[in-house]
Amino acid sequence: MITDQLKARVREALTIASGKGILQLNVSKVDISFETPRNKEFGDFACNLAMALSKTLGLPPREIAKTIVDNIVTGDGFLERVEIAGPGFMNFYLTPDWLHEVMVRIEREDDFYGRNRSLEGEKVLIEFVSANPTGPISVVNGRAAALGDTLGNLLAAIGAIVSREFYVNDALNSTQLNLMGDSLAARYLQLLGRDVELPEDGYQGEYLVDIAKDILQEFGNRFETMPDEERASLFRSFASSKMIEQQKTDLEAFGVKYDTWFYESDLYSNEEVSAAIQYMRDHGYAYEKDGALWLKTMELANDDQDRVLVRSNEKETYVAADAAYHLNKFKRGFNRLIDIWGADHHGYVMRLKAGIKALGCDPDACEIILTQMVLLMRDGEMVRGSKRAGDIIPLKDLVEEVGKDAARFYFLLNSYETTATFDLELAKKQSNDNPVFYAQYAHARCCNVLRKAEEMNVTVPKGTHVKRSLLIHDKELDLLRKLADFPGEVQTAADMLAPHRLTAYVREIGQALHQFYEECPALKEGVDPNLRDARLALFDATRIVVRNLLGLLGVSSPQRM
RNA sequence: GCGCUCGUAGCUCAGCGGAUUAGAGCAUCUGACUUCGGAUCAGAAGGCCGGGGGUUCGAAUCCCUCCGAGCGCGCCA
């Protein structure tokens, strides 16, 4: 990256200065960082090192800056000059050549432009959505789905091996699932004309009626007369398997595909839960009280009270299963776990971390991302979004209404740290204004110009063979600057686990492209062929960057719209 | 009551220690079609960055406090 070269220059200058005894510091320990100034007048890159060093060196920032600048190599066709500004900023002005070279690089790296290997060797497991199999994927889950999937793309882009996982809460002691099975059985019997009521607090959603119809069609009335208990267990498994199937379909329509669907029930059948509990006992992290088994979460994770692992009725709690589950993740070779949860589970973070620690694993290797709530609005009223009451808004509906691209982009638009209000009507209405189209149009526009060139029998030239130094128009340089930012933007977004930065960035690229398009014609009459070719090459480079960027977001790049 | 999170333009949000003008989009108002497709571009207007203290050369950004909103505090998941 270009800033690495600048860093090397600065480090060189520091070494010289400290060699002369002007600055007294351990050069290898100095952390040098660059930023791209908001205002172009402040150069291509700015460095605040002098201010940062001011305290440790006991010298005024501007004086330090001067020493560094005096010892830095400039005027060699790469770095034009360095200026000191304001309280002690060093502003670096590069020759436009470096921007022109970006075109060559983009062309050469093509699909790989923007990627790097900084996370090589890291094996990351991202677990997200993991909705109970008691209803369809809702728009509320859409946020986690878009976030998790895109984070996966991002981390993979910087070299990690990424696996996406959905945890299916299908354990036998799930009361929700039992209730769901009973509700389904009631629907089934109702369809057969029997006068059966839904269980109290049962699941009211229409989707259960649909599933009941499927069952009726496939198996007829053969479950009508069987003993209640037998039917209950049968319908419980029907309910969950049908639901999971549907969840898979809905998520795939949203562009999310998991590497694994991990069943909680497997943890039990493989006795991993009991083994985990035994381990905790053996290591003194669990104790008995009031007939139950407790985990020392106070000691392990500063919890305000200890938590139950095994109830007095001998059923394990969620803590036990989840600890065992995370141990399983580590055992599969992942050295970094990312869990995406809704903010309503934040009270649970400590417990899980305690559980992980009690099993001898490193709690810090597990990052838990809490997405703020998505509040539902319908007809101007808040909706609780309860699956039981059947008032959820399915993600499927949104995807069908506005399309996968707009739906995904919608959720990636802002940080997961802010509470979002979701109004389906508004989302539909706004889909025409969704910035995703602005970005996609930028891509289509590039394709269009290139296509037009071919129609005019102009061969689209390679950036390598073009007179790049002709690109000196403000809008050309602005666009090139944006394209040059891409690798850094990917890195930052991945480091911060913040995909929403990319949705902001893609709009900036779009803007730069559209402005360039307006002001810098390539194929109009009277444009010098050399300039025309250089501009065509720039369109092509932009096309590649936008396509790569949208790809990271899981959004398609149409050639025409 | 205790804990976690969030308060930035009319609305939806970026910015999360840096540069005397705090940025986008939508909505509002003006302009640009003899066009490489206007799903575009140019411009205007709109803010004591919830209030108050503090740390710092420098704060929307870090700390404290108050106010407001959301969410948690089960032998539920």
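Residues numbered from 1 in each chain as written. Chains lettered and ligands numbered in written order. Predicted model: local features only at pLDDT ≥ 70, side-chain atom pairs only at ≥ 80, totals over all residues. Heavy atoms only, no water.

## Comments concerning the overall build of chain A
1) Next: Across its full length, chain A carries 20 helices and 15 strands.
2) Next: Taken along the three principal axes of its C-alpha coordinates, chain A extends 90 × 65 × 40 Å.
3) Next: For chain A, the residues scored as buried account for 52% of the 561 residues in total.
4) Next: Considering only contacts in chain A between residues 6 or more positions apart, those separated by 24 or more positions represent 72%.
5) Next: Working note: accessible area of chain A is about 26,300 Å², and carbon and sulfur atoms make up 47% of it. (Helix = DSSP H or I, 4+ residues; strand = E, 2+ residues; numbered from the N terminus. Buried < 20%, exposed > 50% of the residue type's maximum accessible area, 1.4 Å probe, protein only. Contact = heavy atoms within 4.5 Å. Areas by Shrake-Rupley, 256 points an atom, 1.4 Å probe, with all protein chains shown as cover.)

## With respect to the nonpolar core
1) Next: Counting 127 residues, the largest nonpolar core has Leu49, Phe92, Leu155 and Leu398 as the members making the most contacts within it.
2) Next: Top contributing element to this core by residue count: helix α20 (residues 529-553), with 14 residues.
3) Next: When residues are assigned to domains, this core turns out to be shared by domain 1 (2-95) and domain 3 (435-553), each giving three or more.
4) Next: If we ignore the near neighbours within four places in the chain, the residues touching Leu155 are Leu119, Val124, Ile126, Ala160, Val162, Arg336, Ile338, Ala494 and Leu497.
5) Next: Leu125, Val273, Met280 and Leu352 belong to the second-largest nonpolar core, a separate cluster that totals 37 residues. (Core = buried A, V, L, I, M, F, W, Y, C linked by side-chain atoms within 4.5 Å. Domains from an automatic or database assignment.)

## A short note on the protein's contact with RNA strand B
1) Next: As a structural note, the neighbourhood of RNA strand B is formed by 53 residues, with Arg311, Tyr438, Arg445, Tyr517 and Lys524 the closest of them.
2) Next: Within 4 Å of the protein, the atoms of RNA strand B are drawn from sugar and phosphate moieties in a proportion of 61%.
3) Next: Interatomic distance of 3.4 Å between a side-chain N/O atom of Thr418 and a phosphate oxygen of RNA strand B.
4) Next: Within the contact set of RNA strand B, a phosphate oxygen lies 2.5 Å away from a side-chain nitrogen or oxygen of Lys524. (Near = heavy atom within 4 Å. Polar contact = N/O pair within 3.5 Å; in protein donor to acceptor, adjacent residues only side chain to side chain.)

## Some thoughts on the state of the cysteines
Joining two cysteines, a disulfide is a covalent bond between their sulfur atoms.
1) Next: Tallied over the entire structure, the rule returns zero disulfides.
2) Next: Among the cysteines around Cys366, which has no disulfide bond, Cys361 carries the closest sulfur, lying 10.0 Å off.
3) Next: On the basis of relative accessibility, which here comes to 0%, the residue Cys366 falls in the buried class.
4) Next: Distance from the sulfur of Cys447, which forms no disulfide, to the nearest cysteine sulfur (Cys446) is 6.7 Å. (Disulfide = S-S within 2.5 Å.)

## Remarks on the sheet that holds strand β2 (residues 45-47)
1) Next: Here we have four strands laid out as an open sheet, ordered β1-β2-β4-β3, and antiparallel in their pairing. Of all the strands in the sheet, the pair left with one neighbour each is β1 (34-35) and β3 (79-85).
2) Next: Of the pairings in the sheet, the one linking β3 to strand β4 (residues 89-94) comprises six bridges and is antiparallel in character. Paired with Ala85 across the strands is Phe89, a residue of β4. (Pairing = 2+ DSSP bridges.)

## Comments concerning a negative patch on the surface
1) Next: Together, Glu206, Asp210, Asp214 and Glu218 give the surface a local cluster of negative charge.
2) Next: Looking at where Asp210 falls in the secondary structure, it is placed in helix α7 (residues 206-219). (Patch = residues over 30% accessible without salt bridge, like charges linked within 9 Å, V, L, I, M, F, W, Y side chains within 5 Å. Salt bridge = Lys/Arg side-chain N within 4 Å of Asp/Glu carboxyl O. Lys, Arg positive; Asp, Glu negative; His and termini not counted. Charge placed at Lys NZ, Arg CZ, Asp CG, Glu CD.)

## Some remarks on the sheet that holds strand β7 (residues 260-263)
By way of backbone hydrogen bonds, the strands of a sheet pair with one another, either parallel or antiparallel.
1) Next: Taken together, the five strands give an open sheet; going across it, the order is β7-β6-β5-β11-β12, and neighbouring strands pair in parallel fashion. Of all strands in the sheet, those with a lone pairing partner are β7 and β12 (366-371), marking the two edges. Put simply, the sheet's adjacent strands are angled 25 degrees from each other on average, direction ignored.
2) Next: The sheet contact formed by strand β6 (residues 161-168) and β7 spans four bridges and is parallel. In the sheet register, Glu165 faces β7, and the bridge partner there is Thr260.
3) Next: Where helix α8 (residues 228-253) meets the sheet, it contacts β6 and β7, and its direction lies at approximately 155 degrees from that of β7. (Axes fitted to C-alpha atoms, helices over the stretch in contact; angles between N-to-C directions.)

## Some words on the environment of Ala292
1) Next: Mapped onto the elements of the fold, Ala292 is located in strand β9 (residues 292-295).
2) Next: Contacts of Ala292, omitting those with residues within four sequence positions, involve Tyr287, Val308, Val310, Arg311 and Ser312.

## A word on helix α13 (residues 349-358)
1) Next: Taken residue by residue, α13 has Val349, Leu352, Ala354, Gly355, Ile356 and Ala358 as its buried positions.
2) Next: Residues of α13 that are buried make contact with α10 (272-282), β9, α11 (297-301), α12 (318-331), β11 (336-342) and β12.
3) Next: Following α13 by one or two positions, Gly360 adopts a phi angle in the positive range, close to 80 degrees.

## Describing unusual backbone geometry
Peptide bonds are mostly trans, and most non-glycine residues show a negative phi.
1) Next: A positive phi is found at Asp110, a non-glycine position, where the angle reads about 50 degrees.
2) Next: A positive phi angle, near 60 degrees, is found at Asn457, a position not held by glycine.
3) Next: Structurally, Asn457 is set in the loop between α17 (435-455) and α18 (474-495).
4) Next: A relative accessible area of 72% means that Asn457 is categorised as exposed.

## Quick word on the pairing of strand β8 (residues 286-289)
1) Next: Note that β8 and β9 share four bridges and pair antiparallel. Looking at the pairing, Lys289 lines up with Ala292 of β9.
2) Next: Between the end of β8 and the start of β9, which pair antiparallel, lie two residues, with Asp290 showing a positive phi angle near 50 degrees.

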